[in-house]
Amino acid sequence: EGGEGAPGGDRPRQHHRPATERAPFHVGEEVFGKVTAVLDTAVMVDLSGKALAIFDRTEMEADDLVPSVGDRFVARIHNDGVRGGLVVLTRKPLREEEIKPAIEAASKDGSLITGLITGVIKGGVEVDISGLRAFAPASGLDLHPQNANFSGLVGQRLEFKVVQYKNAGRDVVVSRRPMLEAEAHERRKHALTLLTEGQVLKGVVRTVVEWGAFVALPEAENLEGLVHVSEASHDARAKMVDLVRPGEELEVKILKIDEKGKIWLSRKALIEDPWAAAREKYAPGSRHSGKVLKTLDFGAFVELEPGVEGLIHIVDLSMTRIEHSNEVVKEGQDIEVVVANFDPRTKKIALHPAPPPERAHEEPQKVGRGAVVKVEVIKHEASGVIVRILGATGRSARGFLPAGQTGTPRGTDLRKTFKMGSVIEVKVLEVDPRRGEPKLSVKAMHEDEERKAHREYRQQLAREGGFGTLGDLLKKKLEGG
C-alpha cells in the first residue's frame with residue numbers, strides 16, 4: 001500500500017506521437033510493463049520505453065493487491081493511443097459494452113457520469129468511461145480554454161455531462177461546462193460579497209483592448225472588472241496599450257458594481273491629477289520651459305511637465321507664414337513658451353514662443369480695435385509693411401500696415417520711410433477674426449491726433465469765451481449803469 005500515496009502528487013509526462021505514426025501495440029494485445037506511478041485513480045505504466053500507458057483502478061477488485069512503483073504490470077491494450085492520448089490498458093475488455101446503455105441514457109436525461117482523463121489530444125482530452133472512449137473539447141473543460149493547460153488533468157477522474165452519443169457509442173462527446181458555469185456563478189456570488197464600491201485593491205491586467213482593460217482581482221476569487229479608457233488616465237489622449245500591459249499588477253478603485261454584477265474599476269482615481277494645480281501654475285502670461293513632443297502641420301505639442309501638454313498653433317509659431325511646424329521647431333527640442341490661454345474644462349493650454357531675453361524689457365500691449373501700439377518694422381512688401389508689435393506674442397505680435405494706411409503719398413518708397421528695425425506708433429483698425437492678425441494704420445492715428453488737437457482747441461476757446469470779450473464787458477457795464 002506504500003506505493004499508492006507516495007507518487008500520487010506527481011503527474012507523469014505524456015509522450016506525444018504524431019497521429020499518422022503507426023501504434024507500436026494492437027488493441028487486445030497482452031503487454032508487460034513497469035509501474036512508474038500509482039495515483040488514487042490510475043496506475044501509470046511504462047511499456048518498455050515504447051509508450052506510457054494508463055490503467056483505470058476502478059477495474060481492480062477490492063482484494064486486489066495495489067502495485068508499487070517498479071512492479072511488473074500485465075494487461076491488455078484497450079486503446080492504442082494512435083489519436084494522441086496515452087495507451088489505455090484493461091483487464092476487463094468487455095466492460096465498455098456494459099456501460100453503453102447508461103451513457104446513452106445520460107445523454108437523454110442529463111445525468112452526470114464519471115470518466116478518467118487518459119490523454120491530451122488536439123482540441124481537448126480523451127476520457128475513458130468504464131472502457132468507453134469519449135472526447136471532451138477544450139471549451140468543455142475550462143471557461144477560458146485559450147489560457148488553459150490540460151496536461152495536469154491526465155489521470156484525474158471527473159464528472160461529465162454527455163452532450164452527444166452517436167454510432168452505438170463510437171462517437172461520444174462529454175463536457176464539464178455546465179458544472180463549471182454553475183461553480184463560477186456561485187464563486188462570483190460569494191466574491192461579490194467581498195467587494196464594495198469605493199474599495200481600493202490590487203489587480204492583475206488580463207486583457208487590454210482599445211476601449212479598456214480587464215483586470216482580475218485576486219482578493220475576490222479573481223473576478224474580472226473593467227477599467228474603461230476614460231478611467232485609465234487623466235490624459236484623455238492616452239491609449240490603453242501605452243498605459244497598461246497584460247500581466248501587470250496595479251491598484252484600482254471600485255467605482256460601481258451594477259445590477260448584473262459587472263465591476264467598474266478606475267485607475268485614474270488613484271493617480272494624482274497633474275492638472276489639479278495647473279490652472280494656477282499655468283496662468284495666461286506666465287513663462288515656462290518645455291520640450292517639443294510632436295510636430296504637426298497645424299502646430300507643435302509641448303510638454304510642460306509629465307501629463308501636462310500645450311499646443312503652439314502654427315500661426316503663433318512664426319512671424320512669417322510656414323507650411324509645417326517642423327520648419328521652426330524639432331521634436332525633442334527644449335523651448336521657452338508663454339501661456340496664451342488655459343481652458344480648465346477641456347484641459348487645453350494654448351502656448352506662444354516666449355520672447356528672447358533681449359525683448360524682456362518690452363511692456364505687454366493690449367492689441368484691440370482702436371488701440372495705439374508701438375511696433376517694429378520687420379519686412380517690406382509691395383502692398384505694405386509687416387511689423388512686430390512690441391510686448392506681444394504669437395499671432396497677436398504680427399501686424400500689417402497697408403501702403404494706403406501709411407500716410408505717405410502714392411509711390412513713396414516705404415523702405416526709406418519705414419526703415420527696418422525702426423519703432424513707430426500705429427493704430428489698430430481691426431483684428432482678423434480667423435488669423436488673429438491686426439490691421440494697422442499710421443494715417444488713422446494722425447487723423448485721430450488732428451481731431452483730438454482740434455477738439456482740445458475748441459474746448460480751450462469755449463473756456464476762454466466764458467469770461468466774455470472786452471466789448472461785452474463794457475456793454476454790460478453801460479447797460480447796468
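Residues numbered from 1 in each chain as written. Predicted model: local features only at pLDDT ≥ 70, side-chain atom pairs only at ≥ 80, totals over all residues. Heavy atoms only, no water.

**Brief notes about the overall build of the protein chain**
Item 1. Within the protein chain one finds 9 helices and 25 strands.
Item 2. The C-alpha radius of gyration of the protein chain comes to 45 Å, more than 25% above the 23 Å expected for a compact globule of 481 residues.
Item 3. Dimensions of the protein chain along its principal axes, counting C-alpha atoms only, are 160 × 55 × 40 Å.
Item 4. Out of the 481 residues in the protein chain, the part that is buried amounts to 39%. (Helix = DSSP H or I, 4+ residues; strand = E, 2+ residues; numbered from the N terminus. Rg over C-alpha atoms; globule rule 2.2 N^0.38 Å. Buried < 20%, exposed > 50% of the residue type's maximum accessible area, 1.4 Å probe, protein only.)

**Side note on the pairing of strand β20 (residues 348–353)**
Item 1. Where strand β19 (residues 334–343) meets β20, 6 bridges bridge the pair, whose relative direction is antiparallel. Across the sheet, the residue bridging to V339 is L351, located in β20.
Item 2. Between the antiparallel neighbours β19 and β20 lie 4 residues, among them K347 with a positive phi of about 55°. (Pairing = 2+ DSSP bridges.)

**What to know about the sheet that holds strand β14 (residues 249–257)**
Item 1. Spatial ordering of the closed barrel is given by β11-β12-β13-β15-β14, a layout of 5 strands whose pairing is mixed. For this sheet, the mean inter-axis angle between neighbouring strands, taken without regard to orientation, is 50°.
Item 2. Summarising the sheet, β14 and strand β15 (residues 263–266) pair through 4 bridges and their orientation is antiparallel. Paired with K253 across the strands is S266, a residue of β15.
Item 3. Its contacts with the sheet place helix α3 (residues 177–192) against β13 (223–228), β14 and β15, and it is angled at close to 65° to β13. (Axes fitted to C-alpha atoms, helices over the stretch in contact; angles between N-to-C directions. Contact = heavy atoms within 4.5 Å.)

**Description of the nonpolar core**
Item 1. Core analysis: the biggest nonpolar cluster contains 32 residues, and V127, F160 and V174 have the highest contact counts within it.
Item 2. Looking at this core, the elements with two or more residues in it are β2 (42–46), β3 (52–56), α2 (95–109), β6 (112–121), β7 (124–129), β8 (132–137), β9 (157–166) and β10 (171–175).
Item 3. Here F160 is in contact with S111, L112, I113, G115, I117, V127, A136, L141, V174, S175, R176 and M179, once residues within four sequence places are set aside. (Core = buried A, V, L, I, M, F, W, Y, C linked by side-chain atoms within 4.5 Å.)

**Notes on the confidence of the model for the protein chain**
Item 1. Of the residues in the protein chain, 92% have a pLDDT of 70 or more, and the chain-wide mean is 86.
Item 2. Taken as a whole, residues 1–9 scores under 50 in pLDDT and shows 13 contacts with residues more than four places along the chain or in a different chain. (pLDDT = per-residue confidence, 0-100.)

**Regarding the environment of K291**
Item 1. Along the polypeptide, K291 turns up in strand β16 (residues 287–296).
Item 2. We classify K291 as partly exposed; its relative accessible area is 34%.
Item 3. Sequence spacing of K291 and L226 is 65 residues, and the spatial spacing of their C-alpha atoms is 34 Å.
Item 4. If we ignore the near neighbours within four places in the chain, the residues touching K291 are F301, V302, E303, G332, Q333 and D334.
Item 5. A polar atom in the side chain of K291 sits 3.2 Å from the side chain of D334. (Polar contact = N/O pair within 3.5 Å; in protein donor to acceptor, adjacent residues only side chain to side chain.)

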